[in-house]
Amino acid sequence: MDRKKQKKFLIVPPFKCTWRKELRFKEAGRGCVAFEASAHNDVTLVFRERVGSQHYHYRTDNTPNYTIILGSHRNRRLKIEVNGKTVVDETGVGLCCSLTFQSYWISIYDGLISIGKGRYPFQNLVFQWLDSNPNCSVQYIGLSSWDKHVGYRNVNVLPSTSNHILLWNQMDNGELECDEDEDIADGFIDGLESEDVWGLKCFLENWDLSDVLFIVGDEEKAVPAHKVIMGASGNFCFGSSNPDVIQLPGVTYPVFHAFLQYIYTGQAQVLEEQLGALRDLSLQFEVMPLIKQCEEITDRFKLNKKLFDSGRKVEISHPCSLPQRCTVFPFELPIDLQRLKQWLSTGEFSDVEIHIDGHGLVARSHKVILSLWSAAFTKMFTNGMCESNSSKICLRDTSFDAFIEMLQFMYSGELGVQDATDKGSLLLQILLLADQFGVTPLLQGCCKTILECLSEDTVCSILQVISSIPSCKSLEEACERKFSKHFDYCTTVNTDFVFLDETSFSDILQCPNLTVTSEERILDAILLWGMEASDLLGWEAVDTILKTSTPDLLFGERLLSVNMLLPLVRFPLMPITLLKKLEKSSLSIQIPVLEELVMEAIKYSVSKMTQPGSNQNVRFQHRQSTFKEFQYICDGDNNGVLYFAGTSYGKHQWVNPVLSKKITVTASSPASRFTDPKALVSRTYQGTSFAGPRIEDGKNCSWWMVDIGEDHQLMCNYYTLRQDGSSAFMRSWALQGSLDEKNWTNLRVHENDQTICKPGQYVSWPVNGPTALFPFRFFRVVLLGPTTSDSGPWNLCICFLELYGYFHM
Amino acid sequence: MSNQKKRIVKIEPLKQMVNVDSKLAWKILEDAIREIYNQNVSDLSFEELYRNAYYMILQRFGDKLYSGLVTTLTKHIREVSELIEAAQGDLFLEVLKRKWEDHNKALEMIQGILMYMDRTFIPSTHRTPVYQLGLNLWRDNIIHSSQIQTRLLKTLLDLVQRDEQVKLYLGEE
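We now turn to the structure provided with this report. (Residues numbered from 1 in each chain as written. Chains lettered and ligands numbered in written order. Predicted model: local features only at pLDDT ≥ 70, side-chain atom pairs only at ≥ 80, totals over all residues. Heavy atoms only, no water.)

Further remarks concern the sheet that holds strand β21 (residues 628-630) of chain A. Two orientations exist for strands paired in a sheet by backbone hydrogen bonds: parallel and antiparallel. Residues and elements named next belong to chain A. Taken together, 4 strands build an open sheet; the order of strands is β21-β31-β26-β29 and the sheet is antiparallel. This sheet does not close on itself; its edge strands, each paired only once, are β21 and β29 (762-766). The sheet shows a mean angle of 25 degrees between the axes of neighbouring strands, direction not considered. The sheet contact formed by β21 and strand β31 (residues 798-808) spans 3 bridges and is antiparallel. Note that in β31 the partner of K628 across the bridge is F807. (Pairing = 2+ DSSP bridges. Helix = DSSP H or I, 4+ residues; strand = E, 2+ residues; numbered from the N terminus. Axes fitted to C-alpha atoms, helices over the stretch in contact; angles between N-to-C directions.)

Right under this line is the structure:
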């Protein structure tokens, strides 16, 4: 645990340097390090051939090294030093330090130093420099500092991509969108570390599940391997006479070991003089990437004799075909993906038939592929129970579609559902399956996809499933936060939330960001949850039921939980009239906890005095994010949100909020004498005030739009319009809301609405349904069809607009 | 814009979660653990056992599963302990060793079928992992058993002594 923490967070003191054995490029001179750092200045990374001491300082180092300093000269410059000599000293490249953790990556490839920002290595390249005299022996990475502490975390070393083109292409791409949740990303990275333990490398020269033997060398050493893996990496003629044993008398074991190592792990070490033999072996079995790499290394060696001491081991590392996913099978391996996928459908080399109860034969698969992803499958195939000796397994209680997706993931390393909208419903089942068999990368993929399309409508169903899965904690928390931010919506659109378990529901209620229009709603939700209601009821309806029933009968097992949850309702924030009603209700009489809470609240609101000490109780505090209610009373009243904005939110006398810049009003046509934004909220009658049409998507489009300000949101439940002096009456129009000014949601649609029939007439409408519970920043009245005017049918002629509802600031 | 498109992916609730009778599930696992100690494993289905243990954890019967495991293991180890105590003379060490090996093999299998619990339930509730638990129970019930501890010590010391004597004798030769 400690070790992990350390790994997560490391502070390097001034003028010190941290070296670690694992912070090392697999291949000298080539590699990439991705990390997060937090500092005032001078995030410093040193690259050299061997590890240094803690007191190492690059200024005193006389062995070759690269030193890269982000935020040098009081966090203004980017500096690169080669062997202590400054070669790059640039300002304004945008590579500075920040006190909050920022993600960076640095890639070195034969002297080409690339530095980028963001969590995804090789994306978002910011700076690049090529050393004309490359130092190809740098391998160890030191995390260092200058005069201030530097914090590092999530340091990962990756193989470098040989694809420079890939790097160059990134130059044009803008900054990648960062996840809103830091901890979620951390979760992913944690996962990557643990996943390192399991993989195909566990099956290297392992007799388990092997189905082919290589007899190597004069000593006739038997080396086990797996046909599906070997076959997908090269051409082994397993179809010929004696397919299960292959004799290789002319190959020595160390060379064959390196050969297998390369196929099973993507990396191999050989002595320099064995390179030729390795190349010949690769040529014999047509392992193309290895042939190429052997030849490349031999060429490099010929060019620069100094590169390798003879007798030293050469490391060969397979370039990752998908840099972002290079820890995931099969991208780090020289495997022919197409061939592998094809074998899943043809069953070539298959050693296990998978049946699913109720579906019969699902696939002819390969034990080693299932096992390299899942320790559970490994045990299933090797621990001596009936599956170990059988070429058939039968899975029960397993979703057929989800299992197929999981299989395809296992053969391709990618989640197919990502871009197929119709498969969305499968995601949760795949997630469950991935969790059941411990396929961590698939689980992470599912979590990520689900997170990306998380919405108010889906949180409940997701929470129901994942709350019992400990490995999805961060997704669970994101769902709970989402729910608590849209508490009204999630608890009034349907009763799905009553299926949440107590922990999730209680977490939601305790969320500091819980946003709700009134405490009454929380009370309602707790009661509904307690009785596992199938219909939406308010507390008054529950109260009526209780007149002829008991809490035991109504809540059953959940009565205890209800008693635990009730104190989370902040009764003291309720209006006194409501509290008085609650006091007399059967709810109070039958549920002592509720009675006590109501009494406490009444006492508080009557005397504004509380028992000593209870002021600290959150129950008496206003919620951080609450909504202020603006209730429609009558047309043209002073109770609307736009009026409130005119009073600087209750601080001053009313002035036109457009003039005081509290809100912004725009029209579809340019402002003019008769299209005056400030007139719309001026609260005085205008004889002529209209928004003219503009062409959008080839159609006439007229609207008036209000922006209530960046930090403000409104759940609009009522609105008022006033016709100007003309008789161009609207018949088909809509009130719409938006958060981003681009995507609009209909709040209320009017089709052939005859209500407006007089010049200067006021009219108001409620906004019903679930959209009234969505908070928006932008609102607009948009014409959907021509008005009654013949001369200007697309002029939207209103001279007043007011909005009501729950306002959040 | 592509972001917007993604949002359309609708996540549908699971139609129904499989409901497993925890009593039945535990019965299956308990029987299996007995069979594992009796070394009748080839008829057991890993898939069935793993699935039952998985559903027990998923449906929050983790406590039941864990305490059941502790009880069953303890019971079994006590039986073994009696067998070892009953062993006479030279057989004592032999029986002890054989039972220890059997125990280890069995533990590995039990750890396999309860792998899901090991991965999820145990870290989140800060309990002892299955394998370690088995070793601890062996230590507490067999190595620390008053009957066995003294006898084991004595037997080993006797052996060492005999060994020394043989060496001494050979040396004199």
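Next up on the list: helix α8 (residues 288-303) of chain A. Residue and element names in this part refer to chain A. In this model, α8 (16 residues) spans 23 Å end to end at C-alpha, consistent with the 22 Å of a helix rising 1.5 Å per residue. Residues of α8 that are buried include every one of L290, I291, Q293, C294, I297, R300 and F301, and no others. Buried residues belonging to α8 abut β3 (30-39), α6 (253-265), α7 (275-285) and β17 (313-317). (Expected span 1.5 Å × (residues − 1). Buried < 20%, exposed > 50% of the residue type's maximum accessible area, 1.4 Å probe, protein only. Contact = heavy atoms within 4.5 Å.)

Residue and element names in this part refer to chain B. A grouping of V166, Y169 and L170 is seen on the molecular surface, where their side chains present a nonpolar patch of about 320 Å² in accessible area. Its location among the elements puts L170 in helix α8 (residues 146-172). Residue L170 is classed as exposed on the basis of its relative accessible area, which comes to 53%. (Patch = residues over 30% accessible without salt bridge, like charges linked within 9 Å, V, L, I, M, F, W, Y side chains within 5 Å. Areas by Shrake-Rupley, 256 points an atom, 1.4 Å probe, with all protein chains shown as cover. Salt bridge = Lys/Arg side-chain N within 4 Å of Asp/Glu carboxyl O.)

This part is about the pairing of strand β26 (residues 713-723) of chain A. Residue and element names in this part refer to chain A. Burial runs high along β26: 8 of the 11 residues are buried. Looking at chain direction, β26 and β31 are connected through 10 bridges and run antiparallel. Bridging from a neighbouring strand, T720 pairs with E802 of β31. Looking at chain direction, β26 and β29 are connected through 5 bridges and run antiparallel. Opposite Y718, over in β29, you have P766 as the bridge partner.

Our next topic: the pattern of salt bridges. The tally for this structure, following the rule as stated, stands at 33 salt bridges over all chains. We note a salt bridge from D435(A) to R119(B), for which the minimum N-O separation is 3.9 Å. You can see D435(A) sitting in helix α13 (residues 427-436) and its partner R119(B) sitting in helix α6 (residues 115-125), one on each of two chains. Judged by its relative accessible area of 1%, D435(A) is buried.

By themselves these figures say nothing about function.
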